[in-house]
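Per-entry structural report
Next come the chains, spelled out residue by residue.
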Amino acid sequence: MSDIIKDAPHHDALLDTSGLYCPEPIMMMHNKVRDMASGDVLKVIATDPATTRDVPKFCQFLGHELLQQYADSDQYWYFIRLA
């Protein structure tokens, strides 16, 4: 776990959706990116396994760049550069 944190990209904002299930994490991401600037990096923490499918599709559909994603037992981290 410490290697993941050490190698994680810089992020400008954090969104913790732990304990929430589809569609709430994606809805919260939509709201969060509205308050951010193009080029900013958003770190998302999630516990819903559906985010492994939903977050990459969210990025692809909106043109954001999924820089990195990590999974560790029941927690997921995503680093997204906004278009």
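Anything mentioned here points back to the structure above.
The text that follows walks through the structure, step by step, so that each part is easy to find.

Thresholds applied
Residues numbered from 1 in each chain as written. Predicted model: local features only at pLDDT ≥ 70, side-chain atom pairs only at ≥ 80, totals over all residues. Heavy atoms only, no water. Core = buried A, V, L, I, M, F, W, Y, C linked by side-chain atoms within 4.5 Å. Buried < 20%, exposed > 50% of the residue type's maximum accessible area, 1.4 Å probe, protein only. Contact = heavy atoms within 4.5 Å. Helix = DSSP H or I, 4+ residues; strand = E, 2+ residues; numbered from the N terminus. Polar contact = N/O pair within 3.5 Å; in protein donor to acceptor, adjacent residues only side chain to side chain. Axes fitted to C-alpha atoms, helices over the stretch in contact; angles between N-to-C directions. Left-handed = near helix turned anticlockwise from the far one by under 90°. Nonpolar A, V, L, I, M, F, W, Y, C, P; charged D, E, K, R; others polar.

Attention shifts here to the nonpolar core. Ranked by size, the top nonpolar core spans 16 residues in total, and within it Met29, Leu42, Val44, Val55, Phe58, Tyr78 and Ile80 carry the most contacts. Beyond its immediate sequence surroundings of up to four residues, Val55 is in contact with Ile26, Met29, Leu66, Tyr78 and Ile80.

A few words on the side chain of Thr51. Looking at the element boundaries, Thr51 is found in helix H3 (residues 51–62). From its side chain, Thr51 meets the backbone oxygen of Asp48 in a polar contact 2.7 Å long. In contact with Thr51, other than residues within four places in its own chain, are Pro25, Ala46, Pro56, Tyr76 and Tyr78.

This next bit is on the packing of helix H2 (residues 24–34) against H3. Direction vectors running N to C along H2 and H3 enclose 35°, while the axes themselves pass 10 Å from each other. Seen along the crossing, H2 lies across H3 with a hand that is right-handed. Listed contacts from H3 to Pro25, Ile26, Met29, His30 and Val33 of H2 are Thr51, Asp54, Val55, Phe58 and Leu62. Looking at the contact of H2 with H3 residue by residue, the classes come out as 7 nonpolar, 2 polar and 1 charged.

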